[in-house]
Amino acid sequence: MITYNCEGVRLPKIKKREMTKWIRSVAACYDKKVGEVGYLFVDDDKIIEVNREYLGHDYYTDVITFDYSEDNEINGDIVISLDTVKSNADLFGKEYEEELHRVIIHGILHLCGINDKGPGEREKMEEAENKALSMLADIVCKA
(Lines give C-alpha, C1' and ligand atoms only; values in the text may rest on other atoms or scores of the structure.)
Protein backbone atom coordinates (compact mmCIF):
# COMPACT_ATOMS: atom_id res chain seq x y z
CA MET A 1 0.00 0.00 0.00
CA ILE A 2 1.23 3.48 -0.85
CA THR A 3 -0.04 6.40 1.21
CA TYR A 4 0.24 10.14 0.58
CA ASN A 5 0.06 12.53 3.53
CA CYS A 6 1.10 16.07 4.34
CA GLU A 7 2.11 18.13 7.35
CA GLY A 8 2.22 21.92 7.27
CA VAL A 9 1.57 22.06 3.52
CA ARG A 10 -1.21 21.19 1.14
CA LEU A 11 -1.01 17.80 -0.51
CA PRO A 12 0.40 18.39 -3.99
CA LYS A 13 -1.94 17.91 -6.92
CA ILE A 14 -0.89 14.43 -7.94
CA LYS A 15 -3.03 11.72 -9.44
CA LYS A 16 -2.64 9.09 -6.75
CA ARG A 17 -3.74 6.18 -8.93
CA GLU A 18 -1.28 7.10 -11.68
CA MET A 19 1.48 7.66 -9.11
CA THR A 20 0.84 4.32 -7.45
CA LYS A 21 0.78 2.46 -10.78
CA TRP A 22 4.00 4.22 -11.81
CA ILE A 23 5.75 3.46 -8.53
CA ARG A 24 4.78 -0.23 -8.75
CA SER A 25 6.02 -0.36 -12.38
CA VAL A 26 9.35 1.20 -11.49
CA ALA A 27 9.84 -1.16 -8.53
CA ALA A 28 9.05 -4.12 -10.80
CA CYS A 29 11.92 -3.07 -13.10
CA TYR A 30 14.22 -3.85 -10.17
CA ASP A 31 12.43 -7.12 -9.34
CA LYS A 32 10.83 -5.52 -6.31
CA LYS A 33 7.25 -5.43 -5.15
CA VAL A 34 5.77 -2.62 -3.13
CA GLY A 35 4.83 -3.33 0.47
CA GLU A 36 4.15 -0.34 2.72
CA VAL A 37 5.43 2.98 1.39
CA GLY A 38 4.38 6.24 3.03
CA TYR A 39 4.95 9.66 1.52
CA LEU A 40 4.92 12.68 3.80
CA PHE A 41 4.96 16.08 2.08
CA VAL A 42 6.28 18.85 4.34
CA ASP A 43 7.81 22.33 4.32
CA ASP A 44 11.47 23.28 4.78
CA ASP A 45 11.08 23.76 8.54
CA LYS A 46 9.94 20.17 8.95
CA ILE A 47 12.50 18.61 6.60
CA ILE A 48 15.42 20.23 8.40
CA GLU A 49 13.96 19.08 11.71
CA VAL A 50 13.78 15.49 10.39
CA ASN A 51 17.25 15.77 8.88
CA ARG A 52 18.74 16.96 12.18
CA GLU A 53 16.85 14.51 14.40
CA TYR A 54 17.24 11.31 12.42
CA LEU A 55 20.35 11.82 10.29
CA GLY A 56 22.34 14.42 12.22
CA HIS A 57 22.51 16.68 9.15
CA ASP A 58 22.07 20.43 9.52
CA TYR A 59 20.87 21.34 6.04
CA TYR A 60 17.78 21.48 3.88
CA THR A 61 17.11 18.73 1.38
CA ASP A 62 14.35 17.79 -1.01
CA VAL A 63 13.87 14.17 0.05
CA ILE A 64 14.76 11.84 2.91
CA THR A 65 14.13 8.12 2.56
CA PHE A 66 13.81 5.74 5.48
CA ASP A 67 14.28 2.20 4.21
CA TYR A 68 12.56 -0.72 5.96
CA SER A 69 12.71 -3.06 2.97
CA GLU A 70 13.14 -6.80 3.31
CA ASP A 71 14.19 -9.15 0.54
CA ASN A 72 12.40 -8.14 -2.66
CA GLU A 73 9.65 -6.10 -0.94
CA ILE A 74 10.21 -2.38 -0.62
CA ASN A 75 8.93 -0.68 2.51
CA GLY A 76 9.75 2.78 3.73
CA ASP A 77 8.86 6.33 4.58
CA ILE A 78 9.72 9.11 2.15
CA VAL A 79 9.67 12.70 3.41
CA ILE A 80 9.60 15.40 0.73
CA SER A 81 9.99 19.16 1.23
CA LEU A 82 7.73 20.91 -1.26
CA ASP A 83 9.58 24.19 -0.54
CA THR A 84 12.89 22.68 -1.67
CA VAL A 85 11.27 20.96 -4.65
CA LYS A 86 9.99 24.38 -5.75
CA SER A 87 13.33 26.14 -5.25
CA ASN A 88 15.17 23.32 -7.06
CA ALA A 89 12.74 23.49 -9.98
CA ASP A 90 13.47 27.22 -10.25
CA LEU A 91 17.22 26.68 -9.85
CA PHE A 92 17.41 23.98 -12.52
CA GLY A 93 14.90 25.60 -14.89
CA LYS A 94 12.45 22.69 -14.61
CA GLU A 95 8.71 22.61 -14.25
CA TYR A 96 7.61 22.14 -10.62
CA GLU A 97 5.59 19.03 -11.50
CA GLU A 98 8.59 17.39 -13.22
CA GLU A 99 10.84 18.10 -10.25
CA LEU A 100 8.19 16.77 -7.87
CA HIS A 101 7.92 13.55 -9.89
CA ARG A 102 11.71 13.22 -9.93
CA VAL A 103 11.84 13.48 -6.14
CA ILE A 104 8.89 11.12 -5.66
CA ILE A 105 10.64 8.41 -7.67
CA HIS A 106 14.08 9.22 -6.21
CA GLY A 107 12.92 7.84 -2.87
CA ILE A 108 11.58 4.67 -4.52
CA LEU A 109 14.86 4.16 -6.35
CA HIS A 110 16.67 4.33 -3.00
CA LEU A 111 14.30 1.65 -1.69
CA CYS A 112 15.17 -0.42 -4.77
CA GLY A 113 18.85 -0.24 -3.83
CA ILE A 114 20.17 2.63 -5.94
CA ASN A 115 22.48 5.00 -4.08
CA ASP A 116 23.74 8.46 -5.02
CA LYS A 117 26.52 9.35 -2.59
CA GLY A 118 29.53 7.33 -3.81
CA PRO A 119 31.73 7.70 -6.88
CA GLY A 120 29.68 7.40 -10.07
CA GLU A 121 26.47 6.73 -8.15
CA ARG A 122 24.89 10.13 -8.80
CA GLU A 123 25.05 9.51 -12.54
CA LYS A 124 23.43 6.07 -12.13
CA MET A 125 20.67 7.62 -10.02
CA GLU A 126 20.02 10.34 -12.61
CA GLU A 127 19.86 7.72 -15.35
CA ALA A 128 17.39 5.66 -13.31
CA GLU A 129 15.31 8.78 -12.57
CA ASN A 130 15.17 9.70 -16.26
CA LYS A 131 14.13 6.15 -17.22
CA ALA A 132 11.42 6.21 -14.54
CA LEU A 133 10.16 9.63 -15.67
CA SER A 134 9.79 8.32 -19.22
CA MET A 135 7.76 5.40 -17.81
CA LEU A 136 5.44 7.91 -16.12
CA ALA A 137 4.94 9.69 -19.44
CA ASP A 138 3.89 6.36 -20.98
CA ILE A 139 1.43 5.69 -18.12
CA VAL A 140 -0.09 9.17 -18.43
CA CYS A 141 -0.44 8.82 -22.22
CA LYS A 142 -2.27 5.50 -21.83
CA ALA A 143 -4.64 6.82 -19.15
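Everything numeric here is computed off the predicted structure, so don't read it as measured data. (Residues numbered from 1 in each chain as written. Predicted model: local features only at pLDDT ≥ 70, side-chain atom pairs only at ≥ 80, totals over all residues. Heavy atoms only, no water.)

A.B. asks: Would you take a moment to explain the overall build of the protein chain for this structure?
C.D. replies: Across its full length, the protein chain holds five helices and four strands. The helix and strand sequence of the protein chain, counted from the amino end, reads β-α-β-α-β-β-α-α-α. Its C-alpha radius of gyration of 14 Å places the protein chain within 12% of the 15 Å reference for a compact globule of 143 residues. Pairs at least 24 residues apart make up 64% of the contacts formed inside the protein chain by residues separated by at least 6 positions. Counting only carbon and sulfur atoms, one obtains 48% of the accessible surface of the protein chain, whose full area is about 8200 Å². Of the charged side chains in the protein chain, 19 are positive and 29 negative, and the gap between their average positions amounts to 7 Å. (Helix = DSSP H or I, 4+ residues; strand = E, 2+ residues; numbered from the N terminus. Rg over C-alpha atoms; globule rule 2.2 N^0.38 Å. Contact = heavy atoms within 4.5 Å. Areas by Shrake-Rupley, 256 points an atom, 1.4 Å probe, with all protein chains shown as cover. Lys, Arg positive; Asp, Glu negative; His and termini not counted. Charge placed at Lys NZ, Arg CZ, Asp CG, Glu CD.)

A.B. asks: Can you walk me through the side chain of Asn75 in this structure?
C.D. replies: Checked against the element boundaries, Asn75 lands in strand S4 (residues 73-81). The exposure class assigned to Asn75 is buried, which follows from its relative accessible area of 12%. Those residues in contact with Asn75, other than ones at most four positions away along the chain, are Gly35, Glu36, Val37, Phe66, Asp67, Tyr68, Ser69, Glu70 and Leu111. (Buried < 20%, exposed > 50% of the residue type's maximum accessible area, 1.4 Å probe, protein only.)

A.B. asks: What's the story with the packing of helix H1 (residues 16-29) against helix H4 (residues 96-111) in this structure? I'm lost.
C.D. replies: In helix packing, the relevant descriptors are the interaxial angle and the interaxial distance, both defined with respect to the helix axes. Remark: H1 packs on H4, axes separated minimally by 10 Å, with the N-to-C direction vectors making an angle of 40°. Taken as axis vectors, H1 and H4 run oblique relative to one another. Classified by chirality, the crossing of H4 by H1 is right-handed. Seen from H1, the contacting residues are Met19, Trp22, Ile23 and Val26; seen from H4, they are His101, Ile104, Ile105, Ile108 and Leu109. Each residue belonging to the contact of H1 with H4 can be placed in one class, and the counts come to eight nonpolar, one polar and no charged. (Axes fitted to C-alpha atoms, helices over the stretch in contact; angles between N-to-C directions. Parallel < 35°, antiparallel > 145°, perpendicular 65-115°, else oblique. Left-handed = near helix turned anticlockwise from the far one by under 90°. Nonpolar A, V, L, I, M, F, W, Y, C, P; charged D, E, K, R; others polar.)

A.B. asks: Quick question: what am I supposed to make of helix H2 (residues 44-55) here?
C.D. replies: Given 3.6 residues to a turn, an α-helix orients residues that are three or four positions apart in the same direction. With twelve residues, H2 extends 16 Å from end C-alpha to end C-alpha; this agrees with the ideal 16 Å at 1.5 Å per step. Every buried residue of H2 is accounted for by Asp44, Lys46, Ile47, Ile48, Val50 and Asn51. Buried residues along H2 sit in contact with strand S2 (33-42), strand S3 (63-67), S4 and helix H3 (82-92). The opening residue of H2 is Asp43, an N-cap whose side-chain oxygen sits 3.3 Å from the backbone nitrogen of Asp45. (Expected span 1.5 Å × (residues − 1). Polar contact = N/O pair within 3.5 Å; in protein donor to acceptor, adjacent residues only side chain to side chain.)

A.B. asks: Before we go on, may I ask you to explain the pairing of S2 in this structure?
C.D. replies: Along a regular strand, successive side chains alternate from one face of the sheet to the other. With respect to burial, S2 is a largely interior element, seven of its ten residues being buried. One ladder, built from five bridges, connects strand S1 (residues 2-6) with S2; its direction is parallel. Opposite Thr3, over in S2, you have Gly38 as the bridge partner. With H1 bridging S1 and the parallel S2, this β-α-β connection has left-handed handedness. Taken together, the eight bridges between S2 and S4 define a ladder with parallel strand orientation. For Tyr39, the partnering residue across the bridge sits in S4 and is Ile78. (Pairing = 2+ DSSP bridges. Right-handed = clockwise from strand over helix to strand, strands pointing away.)

A.B. asks: What should I look at first to understand the sheet that holds S3 in this one?
C.D. replies: For sheets, the rule is that strands pair by backbone hydrogen bonds, running either parallel or antiparallel. Taking strand neighbours across the sheet as the criterion, the four strands line up as S1-S2-S4-S3 in an open arrangement whose pairing is mixed. Every interior strand has two partners, whereas the edge strands, S1 and S3, have only one. Averaged over all pairs of adjacent strands, the angle between strand axes in this sheet comes to 15°, irrespective of strand direction. Two strands pair when backbone bridges link them, and S3 and S4 are joined in this way by five bridges, in the antiparallel orientation. Each residue of the ladder has a partner; that of Phe66, found in S4, is Asp77. Each of S1, S2 and S4 is contacted by H1, which is oriented at about 130° to S1, the strand it contacts most.

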